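This is what each chain is made of:
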Protein chains: 4
Amino acid sequence: MSTGNVQEKKHFFDVRVYYEDTDAGGIVYYANYLKFAERGRTEFLRHLGFNQQVLAREKNFCFVVSKASVAYLTPLRLDDVIEVQTTIESCSKISITFKQDLCVNGQCAAMLDVAVVGIDRKTGRPKALPQDIKEKMMEFMND
Amino acid sequence: MSTGNVQEKKHFFDVRVYYEDTDAGGIVYYANYLKFAERGRTEFLRHLGFNQQVLAREKNFCFVVSKASVAYLTPLRLDDVIEVQTTIESCSKISITFKQDLCVNGQCAAMLDVAVVGIDRKTGRPKALPQDIKEKMMEFMND
Amino acid sequence: MSTGNVQEKKHFFDVRVYYEDTDAGGIVYYANYLKFAERGRTEFLRHLGFNQQVLAREKNFCFVVSKASVAYLTPLRLDDVIEVQTTIESCSKISITFKQDLCVNGQCAAMLDVAVVGIDRKTGRPKALPQDIKEKMMEFMND
Amino acid sequence: MSTGNVQEKKHFFDVRVYYEDTDAGGIVYYANYLKFAERGRTEFLRHLGFNQQVLAREKNFCFVVSKASVAYLTPLRLDDVIEVQTTIESCSKISITFKQDLCVNGQCAAMLDVAVVGIDRKTGRPKALPQDIKEKMMEFMND
């Protein structure tokens, strides 16, 4: 199944809008933008060879979101194909900040900033990113 | 917080419909009827003194749904207050079958049958219901 | 974007399981099986050239689900790729009954029966299926 | 059904966490914090006597979210009772900015800022808030 593709330090992944994503206002429910963004980040990691279940099982390592913000520009609608564009804004020992755009037909409909933090999934305490993930993220950072 | 109330072998619990529950058709999305029903069953158990997290932690016991069916009679809509009515249809060593009605203003909008099975949450294998749960369920069965 | 493919009167469409689909039990939440099935039915119609928004706008025609039942065989899990298999069980003047299997690695994890009814989206009253949809559905029926 | 209560320019509304809200990480899925916040804002408006469906029907007036940000402090968990605390940060001719805290047992688990904009639900264009809503919001603003 497609894990999207990468071009010039950016990851691209398409998602389709279904009835489940919309609300009685006739457009996509505002919380669901975060679902599309999460699919984009997960596929970005998968595309780079990282599987979050394996990280959890083998290294007790999990990501949790510590901050998320969304600017809603134009409504997403039923049947839209959304291109989730993901870039790395910054990366520290224990956290990554993603910049994500949700685009339809080449137009940006929403912009997100999402910070995730590494934790030990047993203790819940902050935990340094695995070295290989950190290195990959650094490669994707814009100078 | 309210756990509903019980009258003549039936449990009653009210839930409100929000934007998140609706879809672009202007009515509640069909899968979300199962969410309302699950809240009803959870509050029914809580009302009787059973907490599913405690069961999981102390007895490694979990319920999983093995069968669910819904008959959709009239649409549920934004702002509706749904009365979830729950009764016990049958109860065996390892399973319970619930009959649930979702009612608005005294009218039944949907009817559900939901069968749950007890499992060991580590092995995933079928596991007998705790004796106190089984006894309570038997009391609620209609003769 | 892929609308799946068709082989011997059956439609196949792949969906990926994300965190949003799972629950604290570690597996896919039972209501979300209906979401995957709905994506399958929507892509089946799209694959055949029918777009539900166009039907609504041009013919005031909508489908609503009148009955749904799910048999849960084995749990769906995070990262699973689910093949949604859709066939037509029956088709009348105003309704279609779908049979849908959710399969992972060639094994059936859940079986669904879903009946949809055509309605006039303004009055909410039953409305005959457009002739071209009905004809296509008849072609897909198993003898 | 309860619409919460108001004390010193703050609205309080309790919501319960169910399985549907959690994910395989064992905690509430990050997008669902926005659902709880929306329920709080809707009940705040309802508590003040404003019904969004009536506004839509009678005045063609809708709110859409233009910006939302969440700071996740501690995880929300299954069975938690969340107190959604809502205050008004600012209010202009066409928009309202809410500050919302999600608290469990007196401790703040997440802080949100949510800006909504009034639109004409037919044209989608910005539309001035109804005068009575604006006045009520001004009363709730902190000096």
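Residues numbered from 1 in each chain as written. Chains lettered and ligands numbered in written order. Predicted model: local features only at pLDDT ≥ 70, side-chain atom pairs only at ≥ 80, totals over all residues. Heavy atoms only, no water.

Caption draft 1: Expanded view of the overall build of chain A. Tallying secondary structure elements over chain A gives three helices and six strands in all. For 143 residues, the compact-globule estimate of 2.2 N^0.38 gives 15 Å, and the C-alpha radius of gyration of chain A, at 15 Å, lies within 12% of that figure. Across the 143 residues in chain A, those meeting the buried criterion constitute 56%. Put simply, of all contacts in chain A between residues at least 6 apart along the chain, 67% involve residues at least 24 apart. For chain A, the exposed area adds up to about 6300 Å²; of that, 47% sits on carbon and sulfur atoms. The average position of the 19 basic charges and that of the 19 acidic charges among the side chains of chain A differ by 8 Å. (Helix = DSSP H or I, 4+ residues; strand = E, 2+ residues; numbered from the N terminus. Rg over C-alpha atoms; globule rule 2.2 N^0.38 Å. Buried < 20%, exposed > 50% of the residue type's maximum accessible area, 1.4 Å probe, protein only. Contact = heavy atoms within 4.5 Å. Areas by Shrake-Rupley, 256 points an atom, 1.4 Å probe, with all protein chains shown as cover. Lys, Arg positive; Asp, Glu negative; His and termini not counted. Charge placed at Lys NZ, Arg CZ, Asp CG, Glu CD.)

Caption draft 2: Local environment of the interface of chain A and chain D. In this assembly, 18 residues from chain A lie in contact with 18 residues from chain D. Interface of chain A and chain D: buried area, both sides summed, is about 1500 Å²; carbon and sulfur atoms make up 63% of it. In terms of surface lost to chain D, no three residues of chain A exceed Tyr30(A), Leu34(A) and Tyr72(A), which account for 36% of the buried area on that side. For the interface between chain A and chain D, the tally reads zero salt bridges. At the junction of chain A and chain D, the tally comes to eight residue pairs in polar contact (both at pLDDT 80 or more). Looking at the side of chain A that touches chain D, the elements with two or more residues in it are helix H1 (32-47) and strand S3 (61-72) of chain A. When residues in the side of chain A that touches chain D are grouped by element, the largest group, nine residues, is from S3(A). Examined bridge by bridge, S3(A) and strand S3 (residues 61-72) of chain D share five bridges and lie antiparallel to one another. Looking at the pairing, Ala68(A) lines up with Val70(D) of S3(D). (Buried area = accessible area lost by both parts, 1.4 Å probe. Salt bridge = Lys/Arg side-chain N within 4 Å of Asp/Glu carboxyl O. Polar contact = N/O pair within 3.5 Å; in protein donor to acceptor, adjacent residues only side chain to side chain. Pairing = 2+ DSSP bridges.)

Caption draft 3: The arrangement of the relation of the copies chain A and chain B in detail. With an RMSD of 0.0 Å, chain A superimposes on chain B once it is rotated by 180° and translated 0.0 Å along the axis. Such values leave the two copies arranged in the relation of a two-fold axis. No C-alpha of chain A approaches the rotation axis more nearly than that of Asp23(A), which lies at 1.9 Å. Comparing interface residues between copies, 100% of those in chain A also lie at the interface in chain B; the contact surface is shared. (Least-squares fit on C-alpha atoms with pLDDT ≥ 70 in both.)

Caption draft 4: Seen up close, the sheet that holds strand S5 (residues 95-104) of chain A. Read across the sheet, twelve strands follow the order S1(A)-S2(A)-S4(A)-S5(A)-S6(A)-S3(A)-S3(D)-S6(D)-S5(D)-S4(D)-S2(D)-S1(D) without closing on themselves; strand pairing throughout is antiparallel. Among the strands making up the open sheet, the edge pair consists of strand S1 (5-7) of chain A together with strand S1 (5-7) of chain D. Neighbouring strand axes in the sheet, compared pairwise and without regard to direction, differ in orientation by 30° on average. Two strands pair when backbone bridges link them, and strand S2 (residues 10-16) of chain D and strand S4 (residues 81-91) of chain D are joined in this way by six bridges, in the antiparallel orientation. (Axes fitted to C-alpha atoms, helices over the stretch in contact; angles between N-to-C directions.)

Caption draft 5: Representation of the interface of chain A and chain B in the model. With eight residues of chain A at the interface, the matching set in chain B holds eight residues. Summed over both partners, the interface of chain A with chain B buries about 700 Å², with 70% contributed by carbon and sulfur atoms. Put simply, chain A and chain B have zero salt bridges between them. At the surface where chain A touches chain B, the tally comes to four residue pairs in polar contact (both at pLDDT 80 or more). Its residues assigned to classes, the side of chain A that touches chain B shows three nonpolar, three polar and two charged. (Nonpolar A, V, L, I, M, F, W, Y, C, P; charged D, E, K, R; others polar.)

Caption draft 6: Spatial organisation of the relation of the copies chain A and chain D. Rotating chain A by 180° and moving it 0.0 Å along the rotation axis overlays it on chain D with an RMSD of 0.0 Å. Most of the interface of chain A is mirrored in chain D, where 100% of its interface residues again form contacts.

Caption draft 7: The arrangement of unusual backbone geometry in detail. The phi angle at Asn60(D) is positive, at roughly 55°, despite the residue not being glycine. Within the secondary structure, Asn60(D) sits in the loop between helix H2 (52-59) and S3.

Caption draft 8: Fine view of the packing of aromatic side chains. Tallying each qualifying case throughout the model produces 20 aromatic pairs over all chains. Both rings, one in Tyr30(B) and one in Tyr72(B), keep their centres 6.2 Å apart while their planes meet at 45°; by these two values the pair is tilted. Taken together, the positions of Tyr30(B) in the loop between strand S2 (10-16) and helix H1 (32-47) and Tyr72(B) in strand S3 (residues 61-72) put the pair 42 residues apart, joining distant regions of the chain. For Tyr72(B), a relative accessible area of 11% corresponds to the buried category. Aromatic side chains Phe61(B) and Phe63(B) sit 5.0 Å apart centroid to centroid with 85° between the ring planes, which places their arrangement in the edge-to-face category. For Phe63(B), a relative accessible area of 17% gives the class buried. Taken together, the aromatic side chains of Tyr29(A), Tyr30(A), Tyr33(A) and Tyr72(A) make up a single cluster linked through ring pairs. The ring of Phe98(A) has Arg41(A) lying over it, and the distance from NZ or CZ to the ring centre is 5.9 Å. (Phe/Tyr/Trp six-rings, centres within 6.5 Å; stacked < 30°, edge-to-face > 60°. Lys NZ or Arg CZ within 6 Å of the ring centre and 35° of its normal.)

Read these as geometric descriptors, not functional statements.
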